[in-house]
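# Inside the fold
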Amino acid sequence: MTAQTVQRGDLVTVIGLEVHVQLETETKIFCGCPTAQTDEPNTNVCPVCLGLPGALPVLNETAVEAAVKIGKAIDASIPEETRFHRKNYYYPDLPKNFQITQYDEPICQDGELEIAVEGERRTITIERAHLEEDPGSLQHVGGGGGIDTAEYTLVNYNRAGVPLMEIVTAPDFRTAAEARAFLAELEEVLEYLGVFDAGRDGSLRVDANLSIVDGEEVDDEGRIGTEALEAANRTEVKNISSHKGAEKALAYEETRQRNAIQRGRVVEQETRHWDESRGITVSMRSKEAEKDYRYFREADLPPLRVSHWKDEIPIPELPTARRERFREEYALGEEAASKLTSTKQVADFYEDVAREFDPDLAATWVADELLGELNYRDLEITDVAGRLDAVHRLIELVDGDEITAKNAREVVLRGMLDDGDDPDEIVEREGLGKTGADEVEQAVLEAIEENPEAVADHEAGEAGAINFLVGQVMAKTGGSADPGDVNGLLREELE
Amino acid sequence: MSVNAFITETELEGTDEGPLSGRTVAVKDNISTAGVRTTCGSKMLAEYVPPYDATVVERLKAAGATIVGKTNMDEFGMGTTTETSHFGSTDNPAAPGHVPGGSSGGSAAAVAAGEADLALGSDTGGSIRCPAAFCGVVGIKPTYGLVSRYGLVAYGNSLEQIGPFAQTVEDAAALLDVIAGPDERDATTREAPDGEGTYADAADGDVDGLSVGIPTELLEGADQGVIDAFEETVETLESAGATTREVCLPSVGHAVSAYYVIAMSEASSNLARFDGVRYGHSSDAGGNWNDAFGRTRAEGFGDEVKRRILLGTYALSAGYHDKYYKKAQDARAWVTRDFDEAFDEVDVLASPTMPVPPFELGESLDDPLQLYLADANTVPVNLANLPAISVPAGETNGLPVGVQFIGPAFGERRIVRTASAL
């Protein structure tokens, strides 16, 4: 939305996000327990993550490295000294009944991330990003199975202590689609950094604040004053677990609030729960007083001085930059460049083949053929990481004109993915090797000699006749000749 | 006759060979012992058996010590008399009918009664030095960060250290040698700067040329009998070649207030984990989790613990945080500065450990504020993270008196040396 289109009386939607991402580390943030997911409850636990009396936290440096990488990627500042605080509240999934988190001295401050929505680029301000520990998880059993209807609740502490990064944006989004684009871009960036696994259950959790303000509060640069933001009642929508879910939840919430305002009703300031299965948000608790978490410094962890790590820890080229470079370096269109940088693994593989073969051919084979076939099988490139050498060989065969594109796609690639065979094996077994030129020429001469009627028809100007002859040649060569080549050879002979 | 020094008697043998082979050690019951219940003197943890050993317990075992029991204490370390224990009070072996001091009263009493050669206590605001003084034994509160707190059930985690009790300065120092040193499981431990020899080696009684500062503020309001005993101690040091002079610590008048705000604030958070879900007392009354937590805590904690949790919660609350907690942190910084300046002028500081001799059992229970003020000389040391030792200094009316020597950070050898001259 641009400033010119907003006027007094228009309703403008304002959205801010708090994104919790689980960081990919071998061990938990304050103890040596594995973070790997397991079905057996309460097995990845120790005195520290269970909050046993006397246990003390020790900071996992890998989690700090991940935070520094994220800080670099979002161009945030990393202060000389950062600290941990205790956030005090009682909840059954919280082993110590306080969470070790960061408060007024977070590790990443004042960052930004660029997104593109419908071709328009926007920069989203990231106010802060901080490290904290994940609580355990609750399972409500019996009764209605809900949080207030269950007969009893089980607690699983396997998740307790998994490192989290909480990323807080400014209220910069004006549409649900922008929020989704941001989350998708953020996920992509985090995966590029190797600090996040989107496939992991519960690895992304979003709380979104949404309010509606009058258009007159929007200044010429599309910004809205703090006073107007604070005056507007906002809802906090919880339980969002994907970028798609975020768009749906926020679109629903936006409509709900706009309808209320248009009917002259007041929007309650409240926390709402996104019910994914019903596609609606429901009120959790209304008119709640501001929670008092009684933050204070965590004396068990000394202050952290890691600002110099920013210069010591390298990060890979990020998706936006790589997309731009692909467009220039390999002369790719926007869509192809976008597809080819969607994950780091895809981009790395593309560059691997584009360096060796024709970049256009490589783009077709990676973006269309390979990703298409993977998508059809509901697979990711990471699922076939061990087969990429074989795909490389297949592209080599096509590039070297040793098999037809059609055969490569329909027979070889599918066979490779479905049966795990090697491309050369398949070509050999199916006799797909392109027939030698002499053999094709011989077949062309034979076809002309054996089909005088078709030759006469062709000379009389009948368009379909040549196709009949091509079919004859293809039959003689067992389909291994290139139909285009055959067509050309026939025309030469018949002139 | 037993003085009720132990909550749980046991016999945990260490390795055969080590500096503490053949020595018996009593361990305060807020220090985790694998397989032996660790109650913190509370109904809340009356049946709690830790699955792991505190780092200091591992070190005791590795040094060949035999752990003979877990000692009585004020509930979660909150007290000056050991009378807030859920397991009854402990009598003072050196002054029967009187309290042993607290909160590590059981550890001091076990050593004074000869029920253990050595003991470990913990000191958040004087909980080693007070019972050492009251029971006529030696106790050391180490520099914050010298001894691992891993396995010590937290009360005021920015203030407390585990430390030794013994009949002699040399024995106490030898036990400190065993438990001191960095621990990868406690991120606040630090490597002490190199010193000459062990802490026990420093107990050579050589105070010739040592300058001793006497903070006048720490004599104000003290019992006359205590002052007399203290002055005799000062004369002993002077006759051994030490020089003495008065110094000023203007900030210590605020130390008790600051200490209690900080310790209670931390306690309100540290003790939040006792909710009956994973371990410890659990109310069998039904209701939702919030009711269950509330009942469990109402039943499991004693009055003094509840008082401190409530006050600490209040001090950290929005609207009061700046008025109490933040102000207390400012006072803490001020106390630290005062000590730093004093150590520019003198080598060690000396004061009575407690301004009064031991109370009679039951005497002080009704007036918490009076009791808090009795910590005036011990709490500044914790606020400043410094080491201090309490050594016996005679008697007043047949009741033990202790003096305290305070050193600069990691100045353990210096205070051991001073104390060994008595």
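Bear in mind that the values here come from a model prediction, so they are computed numbers and not experimental data.

Across its full length, chain A carries 16 helices and 13 strands. The globule rule puts the C-alpha radius of gyration for 495 residues at 23 Å, and the 30 Å found for chain A is more than 25% above it. Taking the principal axes of the C-alpha coordinates as reference, chain A spans close to 95 × 60 × 55 Å. Relative to its full complement of 495 residues, chain A shows a buried share of 49%. Pairs at least 24 residues apart make up 70% of the contacts formed inside chain A by residues separated by at least 6 positions. Approximately 23,600 Å² of chain A is accessible, and the part contributed by carbon and sulfur atoms is 43%.

Another point: the packing of helix α2 (residues 176-193) of chain A against helix α6 (residues 319-329) of chain A. All names here are of chain A. At a minimum axis distance of 9 Å, the contact between α2 and α6 shows a crossing angle of 90 degrees. Relative to α6, the element α2 lies roughly perpendicular. The segment α2 lies against α6, with E185, E188, V189 and Y192 engaging P319, T320, R322 and R323. Taken together, the residues of the contact of α2 with α6 sort by class into three nonpolar, one polar and four charged.

This next bit is on unusual backbone geometry. All names here are of chain B. In this chain, G102 is followed by S103 through a cis amide linkage whose omega measures 10 degrees. Located in the positive-phi region is T82, a residue other than glycine, with phi close to 70 degrees. Topologically, T82 is positioned in the loop between β3 (66-71) and α2 (105-112). The backbone phi angle of N397 is positive, close to 50 degrees, even though this residue is not glycine. Mapping N397 onto the fold places it in the loop between β10 (388-396) and β11 (399-406). On the basis of relative accessibility, which here comes to 78%, the residue N397 falls in the exposed class.

All right, on to the nonpolar core then. Core analysis: the biggest nonpolar cluster contains 162 residues, and L17, I107, M165 and F182 of chain A together with F76 of chain B have the highest contact counts within it. Residue-level mapping places this core at the junction of two domains, with at least three residues from each of domain 1 (11-312) and domain 2 (319-430) of chain A. Grouped together as the second largest cluster of nonpolar side chains are 55 residues, V57, F230, A242 and I389 of chain B included.

A full pass over the atoms with the stated rule returns 25 aromatic pairs over all chains. For the ring pair F296 of chain A and Y325 of chain B, a centre distance of 5.7 Å and an interplane angle of 75 degrees mean the geometry is edge-to-face. Linking F296 of chain A in strand β13 (residues 296-297) with Y325 of chain B in helix α9 (residues 322-345), this pair reaches from one chain into another. We note that F296 of chain A, like Y325 of chain B, is buried. Aromatic pair Y320 of chain B and Y324 of chain B: ring centres 6.5 Å apart, planes at 25 degrees, arrangement stacked. The partly exposed category is assigned to Y320 of chain B, whose relative accessible area is 33%. Through a chain of ring-to-ring contacts, the aromatic side chains of Y48, F76, F274, Y279 and F301 of chain B assemble into a single cluster. The ring of Y293 of chain A carries K87 of chain A above its face, with NZ or CZ at 4.3 Å from the centroid.

So, on to the interface of chain B and chain A. Listed as interface residues are 38 residues of chain B and, on the opposing side, 30 residues of chain A. A per-residue breakdown of the area chain B buries against chain A is headed by R273, R278 and W289 of chain B, which together make up 22% of the total. Here D300 of chain A ties to R149 of chain B by a salt bridge, and the two come within 3.0 Å at their closest N and O atoms. Counting across the chain B and chain A interface gives 19 residue pairs in polar contact (both at pLDDT 80 or more). Every element with two or more residues in the side of chain B that touches chain A is listed here: α6 (255-270), α7 (289-300) and α8 (303-316) of chain B. For the side of chain B that touches chain A, the leading source of residues is α6 of chain B, giving four residues. For the side of chain B that touches chain A, the class distribution of residues is 18 nonpolar, 11 polar and nine charged.

Look at α9 of chain B: 34 Å from first C-alpha to last across 24 residues, which is about the 34 Å you get at 1.5 Å a residue. For α9 of chain B, the complete set of buried residues consists of Y325, A328, A331, R332, V335, D338, F339, A342 and F343 of chain B. Elements that come into contact with the buried residues of α9 of chain B comprise β13 of chain A together with α6, α8, β9 (348-352), α11 (379-383) and β11 of chain B.

All right, on to the domain arrangement of chain A then. Segmenting chain A into domains produces domain 1 (11-312), domain 2 (319-430) and domain 3 (437-494). Here the C-alpha centre of domain 3 of chain A lies 33 Å away from the C-alpha centre of domain 2 of chain A.

Before going further, it helps to examine the sheet that holds strand β3 (residues 98-101) of chain A. Backbone-to-backbone hydrogen bonds pair the strands of a sheet. The strands run either parallel or antiparallel. Strand order in the open sheet made by the three strands is β3-β2-β13 (chain A), with antiparallel pairing throughout. On the outer flanks of this sheet lie β3 and β13 of chain A, each paired with one strand and no other.

Residues and elements named next belong to chain B. Summarising the element assignment, I406 is placed in strand β11. Remark: the alpha-carbon pair of I406 and D347, spanning 59 residues in sequence, is separated by 9.1 Å. Residue contacts for I406: discarding those within four places in its chain leaves F339, F343, V348, L349, V381, L386, P387, A388 and I415.

We now examine the sheet that holds strand β6 (residues 161-166) of chain B. All names here are of chain B. Strand order in the open sheet made by the 11 strands is β1-β3-β2-β4-β6-β5-β10-β11-β9-β7-β8, with mixed pairing throughout. Each having just a single partner strand, β1 (6-12) and β8 (243-247) make up the two edges of the open sheet. Pairs of neighbouring strands in the sheet enclose a mean axial angle of 25 degrees, with direction left out of account. Alignment of strand β5 (residues 138-141) against β6, held across two bridges, turns out to be antiparallel. Residue pairing across strands places G139 opposite F165, the latter belonging to β6. Relative to the sheet, α9 contacts β7 (211-215), β8, β9 and β11, its axis offset from that of β9 by approximately 115 degrees.

This part covers the state of the cysteines. Per the counting criterion, the structure on display carries zero disulfides over all chains. With no disulfide of its own, C49 of chain A lies 3.8 Å from the sulfur of C33 of chain A, the closest cysteine sulfur.

The next thing to look at is a negative patch on the surface. All names here are of chain A. Side chains of D352, E356, D358, D360, D389 and D399 sit close together on the surface and give a patch of like negative charge. Turning to its location among the elements, E356 is positioned in the loop between α8 (344-354) and α9 (359-376). On the accessibility criterion, E356 (47% relative accessible area) is partly exposed.

Residues and elements named next belong to chain A. At a closest axis distance of 11 Å, the pairing of α8 and helix α10 (residues 388-399) adopts a crossing angle of 35 degrees. For the element pair α8 and α10, the recorded crossing hand is right-handed. Along its contact with α8, which presents F349, D352 and V353, the element α10 presents L388, V391, H392 and I395. When its residues are assigned to classes, the contact of α8 with α10 shows five nonpolar, one polar and one charged.

Residues and elements named next belong to chain B. For P100, the position within the fold is in the loop between β3 and α2. On the basis of relative accessible area, P100 is assigned to the buried category, the value being 0%. As for P100 and V261, which are separated by 161 residues in sequence, their C-alpha atoms are 25 Å apart. Other than its neighbours up to four places away in sequence, P100 contacts T81, T82, T90, D91, N92, G105, A109, P131, F134 and C135.

What follows is about helix α5 (residues 224-239) of chain B. All names here are of chain B. The end-to-end C-alpha distance of α5 is 23 Å, a good match for the 22 Å that 16 residues give at a rise of 1.5 Å each. For α5, the full list of buried residues reads G225, V226, I227, A229, F230, T233, V234 and L237. Against the buried residues of α5 lie β7, β8, β9, β10, β11 and α12 (412-419). In this structure D223 caps α5, since a side-chain oxygen of it lies 3.0 Å from the backbone nitrogen of G225.

Basis of the calculations
Within any chain, residue numbers begin from 1 and follow the written order of that chain's sequence. Labels follow written order: the first chain is A, the first ligand is 1, and so on. Confidence filtering applies because this is a predicted model: local features only for residues at pLDDT of at least 70, side-chain atom pairs given and counted only at 80 or more, and all residues used for totals across whole chains, interfaces and linings. Only heavy atoms go into the side-chain values, all of them from the structure, while hydrogens and water stay out. In this description a helix means any DSSP run of H or I spanning at least four residues, a strand means any run of E spanning at least two, and both kinds are numbered starting from the N terminus. Only the C-alpha atoms count toward the radius of gyration. The rule for a globule is 2.2 Å times the residue count to the power 0.38. We call a residue buried when its accessible area falls under 20% of the maximum for its residue type, exposed when it is over 50%, and partly exposed in between, using a 1.4 Å probe and counting protein chains only. In what follows, residue pairs with any heavy atoms lying within 4.5 Å of each other are defined as contacts. Working definition of accessibility: Shrake-Rupley area with a 1.4 Å probe, residue cover restricted to the visible protein chains. The convention used is that axes are lines fitted to C-alpha atoms, helices contributing only their stretch in contact, and that angles between N-to-C directions extend from 0 to 180 degrees. An angle below 35 degrees is treated as roughly parallel, one above 145 as roughly antiparallel, one from 65 to 115 as roughly perpendicular, and anything else as oblique. Each residue receives one of three labels: charged for Asp, Glu, Lys and Arg, nonpolar for Ala, Val, Leu, Ile, Met, Phe, Trp, Tyr, Cys and Pro, and polar for the others, Gly being one of them. Only buried residues count toward a nonpolar core. Its members are Ala, Val, Leu, Ile, Met, Phe, Trp, Tyr and Cys residues joined through side-chain atoms within 4.5 Å. Residue ranges assigned to the domains are those given by an automatic or database domain assignment. Ring geometry is summarised as follows: Phe, Tyr and Trp rings, the Trp one being its six-membered ring, pair when their centres sit within 6.5 Å, and such pairs are stacked at plane angles under 30 degrees, edge-to-face over 60 and tilted between the two. Charge-over-ring contacts are defined here by two conditions on Lys NZ or Arg CZ: a distance within 6 Å of the ring centre and an angle within 35 degrees of the ring normal. Note on terms: buried area is the combined drop in 1.4 Å-probe accessible area of two parts once they are placed together, counting the loss on both. Every case where a carboxyl oxygen of Asp or Glu lies within 4 Å of a side-chain nitrogen of Lys or Arg is listed as a salt bridge. We call two N or O atoms a polar contact when they sit within 3.5 Å, provided that within protein one can donate a hydrogen and the other can accept it, with sequence-adjacent residues counted only if both atoms are side-chain atoms. Multiplying one less than the number of residues by 1.5 Å gives the expected span of a helix. Any two strands are treated as partners once DSSP identifies two or more bridges connecting them. We call a pair of cysteine sulfur atoms a disulfide whenever their separation is within 2.5 Å. Patch members must show over 30% relative accessible area and no salt bridge, and they are joined within 9 Å when carrying like charges or within 5 Å when they are nonpolar side chains of Val, Leu, Ile, Met, Phe, Trp or Tyr. Under this rule, positive means Lys or Arg and negative means Asp or Glu; His and the chain ends count for nothing. The location of each charge is read from NZ of Lys, CZ of Arg, CG of Asp or CD of Glu. The crossing is said to be left-handed when, going from far helix to near helix, the turn is anticlockwise and less than a right angle, and right-handed when the turn is clockwise.

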